[in-house]
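Breakdown of the fold
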Amino acid sequence: MKKIVLVILLLFGFTFVYAEDAVTAAGTTEMYVNAKNDIILRAEPKQNAEQLGTIKNHSKVTVLSSSNGWSYIKSGKLEGYVYSVALTTKNPKATNGTVTGGLVPSEGLILTYNPSFLDDAKESFIVKKDGEYTHLYNPKSSLYPDLPNYTYIETKDRFLIGVASSDFIFINVPLPLKQGSHVKQPIMYHEELDVLVESTTKTIKVKAGTFNNVVILKYADGSREYLARGIGIIKSTTGDGKIITELVSVKQSK
């Protein structure tokens, strides 16, 4: 993984932009989930209703009815309620290989890495959101269990991840990311790294499972970062292909 030092001021001043072009369906309609992350399926059209499961972002669903900001949908064998604003008639994947966002982990996930980001050992994190920040916490940290270990920031024009409350940055690239294009990652002293958006459509298998439409960022030294929608980093490799970070488990916290 690229371990880049960047002035901490870049971590501030960002705001979230939620998915646009959402519509409400009437009757039975094929639609798509179009949100920043996976969405929660609920037993009733209420914010705190029982959670029946999670619907993957950008997946196709059947809308059976809609009313008062909620849609009753069917996804596979599951049926339940989701916010109507999270649905669209447009296929979010039909973007000519361009990713506009959705690369931060979903809140409530428990992500386990082995090796971890800055540690060769196995390490688990719970995902929590705080306004415009998405934090990874290691609750078993012997030093500061109540402080975040790593932070994601995603805006309409930038994606960033680094060590929380520091100037230690792993990825800092502009959005959108178009497959085959080159983008610049700023580092210290006004220097920049050239980053190739090698793919936004590949299917990648890691120990945690198989992920579709993975964003692969390739650096000049051959090292790569692999990012899955709603999950964040799933793998990091060196220039010779050695795995230095790998996601081995994804769970939903209770």
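As the structure is a computational prediction, the values presented were derived from the model and not from experiment. (Residues numbered from 1 in each chain as written. Predicted model: local features only at pLDDT ≥ 70, side-chain atom pairs only at ≥ 80, totals over all residues. Heavy atoms only, no water.)

As for unusual backbone geometry
Inclusion rule: We count a stretch as a helix when DSSP gives it H or I for four or more residues in a row; a strand needs E for two or more, and each element gets its number in order from the N terminus. Each residue's exposure class comes from its accessible area (1.4 Å probe, protein chains only) as a fraction of the maximum for that residue type: buried when under 20%, exposed when over 50%, partly exposed otherwise.
In this chain, Asn114 is followed by Pro115 through a cis amide linkage whose omega measures 0°. In this model, Leu175 is joined to Pro176 through a cis peptide bond whose omega is 0°. Mapped onto the elements, Pro176 comes out in the loop between β15 (168–174) and β16 (177–178). Positive phi, close to 75°, is recorded for His58, a residue that is not glycine. Mapped onto the secondary structure, His58 falls in the loop between β4 (51–55) and β5 (60–67). Since its relative accessible area comes to 7%, His58 is described here as buried. Even without glycine at this site, Asn68 takes up a positive phi of about 55°.

With respect to the confidence of the model for the protein
Definition in use: Confidence per residue, as judged by the predictor, is encoded in pLDDT with a range of 0 to 100. Here a residue-residue contact requires only that any non-hydrogen atoms of the pair lie within 4.5 Å.
In the predicted model, the protein carries a mean pLDDT of 85, and 86% of its residues have values of at least 70. In the model, residues 2–27 has pLDDT below 50 throughout and makes 79 contacts with residues more than four positions away in sequence or in other chains.

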